[in-house]
Amino acid sequence: AVLIIACPCAMGLATPTAILVGTGRGAQLGLLIKGPEILESTKKVDTIVLDKTGTVTTGVMSVSEVVTAEGLDESTVISYAAAVEAGSEHPIAKAIVNHAGEHPAATDFQSQAGLGVTGTVDGHRVAVGRRRAGRMDVSRKAVSSAGDANLGTLTDAFTSAEESGGTPIVVRIDDDIAGVITVRDTIKDTSAAAIAQLQELGLTPYLLTGDNEGAARAVAREVGIDPANVFAGVMPDEKVSKVIELQEAGKTVAMVGDGVNDAAALAQADLGLAMGAGTDVAIEASDITLMNSDLRSAASAIRLSRKTFSTIKGNLFWAFAYNVILIPVAAAGFLNPLFAGLAMAFSSVFVVGNSLRLRAFQAE
Ligand code: AMP
């Protein structure tokens, strides 16, 4: 009876059955958890860094306004910009190209991550990108090229775009400011609910973006992220240092992202979650892949992982408890080997049954 009751089969089943059922249920819901060690990380995370574009917002941008320098018409500026942007994969580039329709072709295309693109169109040097990209300073250039009146219009366009949550893009032709194109992104309908769910799970959300402060704060306000927790104007290679900064401040950090730019930060984070519609490198660098582009699935993945982890602990507790209680009973001669066998079988059934409860997990 002692030998039978001491059989550790329920203990052997405790962990793998819970992982099997938990990750299987995750797969059904489109939450792909890469390995068992990840479950433990989900338990500890207290901070979640969200990439803005493509994670909190749809990542599909559109042109909302074009302001040009005196003497230039809108279609010239936008078609020159589109000619250069045609070589870029950036959502901003797609917005400008779609808006332009027909456009000339560019040569000498070059892209600088987090800054913009340059190229030659009809013999003119064209640069399209953010304001402070080396020589792309609106005010300085505009003073020399466009005169005071024009400087005012372009700077106003720039400022009002930023204040209203848009992303102003500067177009320079032959080093003169030719115009400011404002692009806008839309926030996903589900993002605010997702952030509320993440907060309920005890996580403090941070917003991380290469975009300007105004656009970042407008998004943060709308989805319920504290404006103090916004990192704006972050260059692609600095994203990882923001994660390190939070970790050094004693936080355990989860990161949700989708782009090539996010891969290093996803790998550095204690828990990396990649949106499935994102790039392969982001998915490869992450611990959990979310098959849909709904941010609520990040909250579901964390909830399911935590639940799986606590199921493992529950299973181990009961598997041990059976042995701890029944071994002395058997040793004292109070247990018939037949009943010992039954009790052991029951403990295994109990553990498997407890794990199977994870099948009922629902995404909110
Ligand atoms: P990102 O880190 O890719 O979000 O880029 C940060 C900022 O750089 C954007 O908000 C733009 O101002 C600028 N930028 C990056 N790539 C491009 C591009 N292809 N065209 C225009 N601006 C760009």
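Every residue gets a number counted from 1 within its own chain, in the order that chain's sequence is written. A pLDDT threshold of at least 70 governs which residues receive local features in this predicted model, and a stricter bar of 80 or more applies before side-chain atom pairs are shown or counted, although totals over entire chains, interfaces and linings include all residues. Think of the side-chain values as coming from all heavy atoms in the structure, minus any hydrogens and water.

This brings us to the overall build of the chain. Here a strand is any run of E in DSSP of at least two residues, a helix any run of H or I of at least four, and the numbering for each starts at the N terminus. Per the secondary structure count, the chain includes 14 helices and 13 strands. Computation of the radius of gyration draws on C-alpha atoms alone. For the globule rule, the value is 2.2 Å times the number of residues to the power 0.38. Scaling as 2.2 N^0.38, a compact globule of 364 residues should have a C-alpha radius of gyration of about 21 Å, whereas the chain reaches 28 Å, well beyond that. Along the longest, intermediate and shortest principal axes, the C-alpha atoms of the chain span 100 × 35 × 30 Å. Counting over 364 residues, the chain shows a buried share of 51%. Every residue pair with non-hydrogen atoms within 4.5 Å of one another is taken to be in contact. When contacts within the chain are restricted to residue pairs at least 6 apart in sequence, long-range pairs at least 24 apart make up 64% of them. The accessible surface values rely on the Shrake-Rupley method and a 1.4 Å probe; as for residues, cover is taken only from the protein chains in view. Carbon and sulfur atoms make up 56% of the accessible area of the chain, which totals about 16,200 Å². Within this scheme the basic residues Lys and Arg register as positive and the acidic residues Asp and Glu register as negative, but His and the chain ends are omitted. For charged residues, the charge sits on one atom: NZ in Lys, CZ in Arg, CG in Asp, CD in Glu. Taking the average location of the 28 positive side-chain charges in the chain and that of its 40 negative ones, the two points are 9 Å from each other. To sort residues, take the accessible area from a 1.4 Å probe on protein chains only and compare it with the maximum for the residue type: under 20% means buried, over 50% means exposed, and anything in between is partly exposed.

Here Thr-308 shows up in helix α13 (residues 296-331). Leaving out residues up to four positions away in the same chain, Thr-308 has contacts with Ala-18, Ile-19, Gly-22, Leu-39 and Leu-358.

Throughout, near means a residue has at least one heavy atom within 4 Å of the molecule or strand. Taken together, 16 residues lie around the ligand, and Glu-85, Ser-88, His-90, Gly-114 and Arg-130 are the ones closest in. As used in this structure description, the phrase polar contact means that two N or O atoms lie within 3.5 Å; if the pair is within protein, one of them must be able to donate a hydrogen and the other to accept it, and residues adjacent in sequence are counted only when both atoms belong to side chains. Side-chain polar atom of Ser-88 to a nitrogen atom of the ligand: 3.2 Å apart, as the coordinates give it. A distance of 3.4 Å separates a nitrogen atom of the ligand from a polar atom in the backbone of Leu-115. The fraction of the free accessible surface of the ligand (480 Å²) that becomes covered by protein chains is 92%. At the level of elements, β5 (116-121), β6 (124-129) and β7 (167-173) are the ones that each hand at least two residues to the shell around the ligand. For this classification, the nonpolar set comprises Ala, Val, Leu, Ile, Met, Phe, Trp, Tyr, Cys and Pro, the charged set comprises Asp, Glu, Lys and Arg, and every other residue, Gly included, is treated as polar. Its residues assigned to classes, the shell around the ligand shows five nonpolar, eight polar and three charged.

Quick look at the sheet that holds β5 now. The strands making up a sheet associate through backbone hydrogen bonding, with each pair oriented either parallel or antiparallel. With respect to topology, six strands assemble into an open sheet ordered β3-β8-β7-β6-β5-β4, the strand pairing being antiparallel. Strands at the two margins of the open sheet, each flanked by one partner only, are β3 (57-68) and β4 (106-112). When the angles between neighbouring strand axes are averaged without regard to direction, this sheet yields 20°. Strand pairing requires that DSSP identify at least two bridges connecting the strands. Here β6 runs beside β7; their pairing, made up of four bridges, is antiparallel. Paired with Val-126 across the bridge in β7 is Ile-173. Axis definition: a line fit to C-alpha positions, over the contact stretch in the case of helices; interaxial angles, taken between N-to-C directions, run 0 to 180 degrees.

Turning to helix α6 (residues 91-100), a few remarks are in order. Looking at α6, one finds that the buried residues are Ile-92, Ala-93, Ala-95 and Ile-96. The buried residues of α6 occupy one face: seen down the axis, they fall within an arc of 160°. Looking at the buried side of α6, the elements it contacts are β3, α5 (74-85), β6, β7 and β8 (176-187). The directions from the helix axis to the C-beta atoms are what the arc is built from.

This part covers the packing of aromatic side chains. A pair of Phe, Tyr and Trp rings is counted when the ring centres sit within 6.5 Å of each other, with Trp represented by its six-membered ring. The angle between the planes then sorts it: under 30 degrees is stacked, over 60 is edge-to-face, the rest tilted. For the structure shown, the criterion picks out four aromatic pairs. With centroids separated by 5.9 Å and ring planes inclined at 70°, the aromatic side chains of Trp-318 and Phe-350 adopt a geometry described as edge-to-face. Taken together, the positions of Trp-318 in helix α13 and Phe-350 in helix α14 (residues 337-356) put the pair 32 residues apart, joining distant regions of the chain. On the basis of relative accessibility, which here comes to 42%, the residue Trp-318 falls in the partly exposed class.

Moving on to the packing of helix α3 (residues 37-44) against α13. Packing of α3 against α13 brings their axes to within 8 Å, and their N-to-C directions diverge by 110°. If you check the angle between α3 and α13, you find them roughly perpendicular. Between α3, through Leu-39, Glu-40, Thr-42 and Lys-43, and α13, the contact on the second element is made entirely by Ile-302, Ser-305, Arg-306, Thr-308, Phe-309, Ser-310 and Ile-312. Class assignment for the residues of the contact of α3 with α13 results in four nonpolar, four polar and three charged. Note on terminology: angles under 35 degrees are roughly parallel, angles over 145 are roughly antiparallel, angles of 65 to 115 are roughly perpendicular, and the others are oblique.

Honestly, it's all geometry; don't read function into it.
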